[in-house]
Amino acid sequence: MSILEVEDLSISFKQYTGGLKQKHHHVITDLTVTLEAGEILAVVGASGSGKSLLAHAILGILPSNAGMSGTIKYAGDELTAARQRAVRGKEIVLVPQSVNYLDPLMRVGAQVRTSVKQGDAIRAQRKVFQRYHLKSDVENMYPFQLSGGMARRTLLSTAMVSEANVIIADEPTPGMDPAVIVEALHHFRELADNGCAVMLITHDIESALKIADKIAVFYAGTTVEVAPVDDFFGNGEALRHPYSKALWRALPQNDFIPIRGSQPDPSALPSGCLFAPRCEKATLECGQARPEMRNLRNGMVRCIHAT
Amino acid sequence: MQLEAKDVGFRYENGPWLFRGINVTIEPGEIVGLTGPSGCGKTSFCKVLAGYEKPVEGSIAIHGSSLLKNVYHPVQLVFQHPEKAVNPRWKMLKTLREGGPLDQELLESLGIERKWLTRWPNELSGGELQRFCVARALGSGTHFLIADEMTTMLDAITQAQIWHVVLEMAKKRGMGILVVSHEAKLVQRLCHRIIDFHHMNGRRS
Ligand SMILES: Nc1ncnc2c1ncn2[C@@H]1O[C@H](COP(=O)(O)OP(=O)(O)OP(=O)(O)O)[C@@H](O)[C@H]1O
Ligand code: SF4
Ligand SMILES: [Mg+2]
C-alpha cells in the first residue's frame, strides 16, 4: 500500500469578473500521484504548474477561495480536514517554498525545537544546525537577520528533526552552497532509507537525479510523465512526453534552448491535450480528448503518441 | 558607461566586516559571473552595487562619476526571493509601474499574462512573481542588471526564455550584467568571465 495517494485531484479558484459573473481557474486537473514509504519522488516541471498547490492540498492549507475535488489518502484512509489538522507538522511535514513561513517574532533555534517530538530538543536542534553549517549563534537570531540561504536551511532543519512519515519539500535548496545541498540531499536519502516517504519539489533536476527513485513531471496542473531517474540522459531520448524532453533539453548543461510559448490559461484550458498548443508532435486527434495517464516502458505518460 | 566598485568594504553597523578591498569593473554589455560560498557577502555586495546600501569604505562609480540621488537608479537588482521584493499590499500592476511605463513587448516576451496584473502577489506562483521582478528591473533607464540567483526558482524552459530576453537586451542596449549564482552550469553558459568573491575579499579575518 502506498503511504500517500492523490487521486484525480482538481483544484480551481473562483474569480468574480464584474457583477455576478464568475470565472473558474483550473490550476490542477485530474492529478494522480503516489508516494511510497522508503522512496523519494522528485516533482519537477513548469513554474506555475501547481506543484506548491499540490503540497498545500496535501497539508490542508489551501487558501479559502480554492475549490477542490478528488481524494487524498494517507496510510490507506482518506485524509479528511480533521485528520489533516491532526497529522500536519507531525506525521506529514512541509518544507515551504516561501521563506515568509518562518515566524518573524520567534528566534529560529526555538522554532526548530518546537518540531522535535521526543528527546532533547535543544540537542536535536544544535545537531541539525551543525549538519547544515549554521553557526552556533544563529539559533538566537530572528528570521530578518538571516540570509536567504540561512532561512532555507532553517526551514529544512525544522522538517528534518520532525521524524515524520512523509516529508514534502517545496524547493528546499535554492541559494544554498553546493556542499550544503549535497548534505541536504544525503539527509533526504537517509530519511527515506529509514522508511520515510519524501516528495522533493525542485527545479534542480540534476540534484534530483542523484537521490530520487522516480521523477514526476508536471505541466499545466497535471502529471505528464512519471519516469525512473535513469531515463534522464543524453538528448532525452528515453523520456516519454514531449514536454519532459523539452524541459530536459532547455537545461544550461544541455542545449539551453527554450520551446516557445507558455502554459495554457487556467481559465480557458484546451479541451484536448494540455500541451497541444506547444507540441511539435500534435495531431488533430490530440485536440479531441484529454489523454489518459497510461503505463509505458516502466513509467507512465499522458500522451497518445508516446512510444 | 562602466560600473566600477573601487576598494569597497562593507559591514552592517558595528558588525564584523563582511568584505573589504573589493574591486570589480563591469563594462557595458559585459556579462560577469560572481561565485562564492553562501553567506560570504555576495548579496550584500549586490545591494551596495545597486545603491540599496552605502559602502562603508571605497566607492561605487558609474560613468566614471558618482551616482546621482533621486533619479531612476541605473543599476537594478533582482533577488532570489521575489516574495520579499514586492509590496504584499500592492497589486502587481502597481509594482510593475515602479520600473517606469509598461513595456508591452517586454511583458509578453517574459510570458507575463495580462490578467496577472490585477492579482495580489500571494495569488501567483514563485516563478510567475519573479517574472514581474525581472520586468520591473528592465526599465529603459537600466544600464546594469545585478541578477542575484534570479532564475533559481524557475523551471529550465522559463529560465532559458528569460535569459534569452535579458541577453538580447544586454546586446541591444549595451547593458552590463552581474550574474550571481550557485549553478555553475548556468554561469558558464551565460558569462564572458567569472570572478570568485571569496578570493577577492581582502577581509581575511
Ligand atoms: N490564491 C490563488 N488565487 C488564484 N490563483 C492562484 C492562487 N495561488 C496560486 N494560483 C495559481 O495556481 C497556479 C499554480 O501555482 P503553484 O504555486 O502551485 O505553482 P508551482 O508549480 O509551485 O510554481 P513554481 O515552480 O513557480 O513555484 C499558478 O498559475 C498560480 O497563478
Ligand atoms: S497527446 Fe499529442 S499534443 Fe499532447 S503531448 Fe502527445 S503528441 Fe503532443
Ligand atoms: Mg511553487
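Refer to the structure above for everything that follows.
In short, a report on the structure. Only a predicted model underlies this, so the values are computations on that prediction, with no experimental measurement involved.

### Some thoughts on empty space enclosed by the protein
If you roll a probe as big as a water molecule over the atoms, it shows you where there is empty space left. All names here are of chain A. Throughout the structure, instances matching the rule amount to four cavities of 30 Å³ or more. The volume enclosed by the largest cavity comes to roughly 100 Å³. Residue lining of the largest cavity: T29, D30, Y219, T222, V224, H241, C273, L274, F275, R290, P291 and R302, and that is the complete set. Secondary-structure elements contributing two or more residues to the lining of the largest cavity are β2 (22-35) and β10 (222-228). Considered class by class, the residues forming the lining of the largest cavity number six nonpolar, three polar and three charged.

### So, the pattern of salt bridges
Any two side chains of opposite charge can pair if their charged atoms end up close together. Applying the stated rule across the entire model yields 15 salt bridges over all chains. Among the salt bridges present, the one from R193 of chain B reaches E30 of chain B, with a minimum N-O distance of 2.7 Å. Of this pair, R193 of chain B sits in strand β8 (residues 193-196) while E30 of chain B sits in the loop between β2 (19-26) and β3 (31-35), and the two are 163 residues apart along the sequence. By relative accessible area, R193 of chain B is classed as partly exposed at 33%. What makes E30 of chain B buried here is its relative accessible area of 14%. Connected via shared salt-bridge partners are R113, R126 and E139 of chain A.

### A word on helix α1 (residues 42-49) of chain B
Residues and elements named next belong to chain B. Buried residues dominate α1, accounting for six of its eight residues. Along α1, the residues that are buried comprise K42, S44, F45, C46, V48 and L49. G51 lies just past α1 and shows a positive phi near 80°.

### A closer look at the side chain of N201 of chain B
Residue and element names in this part refer to chain B. Along the chain, the position of N201 falls in the segment after α7 (197-200). Of note is the side chain of N201, whose polar atom sits 3.2 Å from the backbone oxygen of L18. For N201, the contacting residues outside a window of four places in its chain are L18, F19, R20 and I22.

### Digging into the interface of chain A and chain B
It is common to give the size of an interface as the accessible area that goes away when the parts come together. On the side of chain B, 33 residues touch chain A, which itself brings 42 residues to the contact. Both faces combined, the contact of chain A with chain B buries some 2,900 Å², and carbon together with sulfur accounts for 55% of it. Broken down residue by residue, the surface that chain A buries against chain B is led by S47, P252 and F256 of chain A, which jointly contribute 21%. Seen at the junction of chain A and chain B, the total is two salt bridges. Where chain A packs against chain B, one counts 12 residue pairs in polar contact (both at pLDDT 80 or more). Elements with a contribution of two residues or more to the side of chain A that touches chain B: α5 (148-160) and α8 (242-249) of chain A. Here the side of chain A that touches chain B takes four residues from α5 of chain A, the largest share from any one element. Grouping the amino acids of the side of chain A that touches chain B by side-chain chemistry returns 15 nonpolar, 18 polar and nine charged.

### Examining the sheet that holds β3 of chain B
Residue and element names in this part refer to chain B. In space, the five strands of this open sheet follow the order β5-β6-β7-β3-β8, with parallel pairing throughout. Both edges of this open sheet fall to β5 (75-78) and β8, since each of them pairs with a single strand only. In this sheet, neighbouring strand axes are inclined to one another by 20° on average, regardless of whether the strands run parallel or antiparallel. Where strand β6 (residues 144-148) meets strand β7 (residues 176-180), five bridges bridge the pair, whose relative direction is parallel. The partner of L145 across the bridge, within β7, is I177. Lying on the sheet, α1 is in contact with β3, β5, β6 and β7; it crosses β6 at an angle near 160°. Contacting β5 and β6, helix α4 (residues 126-137) runs over the sheet at an angle of about 175° to β5.

The rules behind each value
Every chain is numbered on its own, with residues counted from 1 as its sequence reads. Each chain is given a letter, starting from A, and each ligand a number, starting from 1, according to the order in which they appear as written. In keeping with the predicted nature of the model, local features appear solely for residues at pLDDT of at least 70, side-chain atom pairs appear and are counted solely at 80 or more, and the whole-chain, interface and lining totals rest on all residues. Hydrogens and waters are ignored; side-chain quantities use all the structure's heavy atoms. For cavity detection a 1 Å grid was placed over the protein atoms alone, and a set of points counts as a cavity when a 1.4 Å probe fits there but cannot get out; an open set counts as a pocket when protein lies on both sides within 12 Å along at least five of seven lines, with lining residues being those that have an atom within 4 Å of a point. Grid points are joined across faces, edges and corners, and a volume is the space filled by probe spheres set on the points. Strands here mean DSSP runs of E at least two residues long; helices mean DSSP runs of H or I at least four residues long; both are numbered from the N terminus. Gly is placed with the polar residues, together with every amino acid not listed as nonpolar (Ala, Val, Leu, Ile, Met, Phe, Trp, Tyr, Cys and Pro) or charged (Asp, Glu, Lys and Arg). Only one rule defines a salt bridge in this text: a Lys or Arg side-chain nitrogen within 4 Å of an Asp or Glu carboxyl oxygen. Throughout this description, buried means an accessible area under 20% of the type-specific maximum (1.4 Å probe, protein chains only), exposed means over 50%, and partly exposed covers the range between. Any pair of N or O atoms that falls within 3.5 Å is considered a polar contact. Within protein, one atom must be able to donate a hydrogen and the other to accept it, and sequence-neighbouring residues count only if both atoms are side-chain atoms. When checking whether two residues touch, look at their non-hydrogen atoms; a contact exists if any pair is within 4.5 Å. Summed over both partners, the accessible area lost on bringing two parts together, with a 1.4 Å probe, is the buried area. We treat two strands as partners when DSSP finds at least two bridges between them. What counts as an axis is a line fitted to C-alpha atoms, over the stretch in contact for a helix, and the angles between N-to-C directions run from 0 to 180 degrees.

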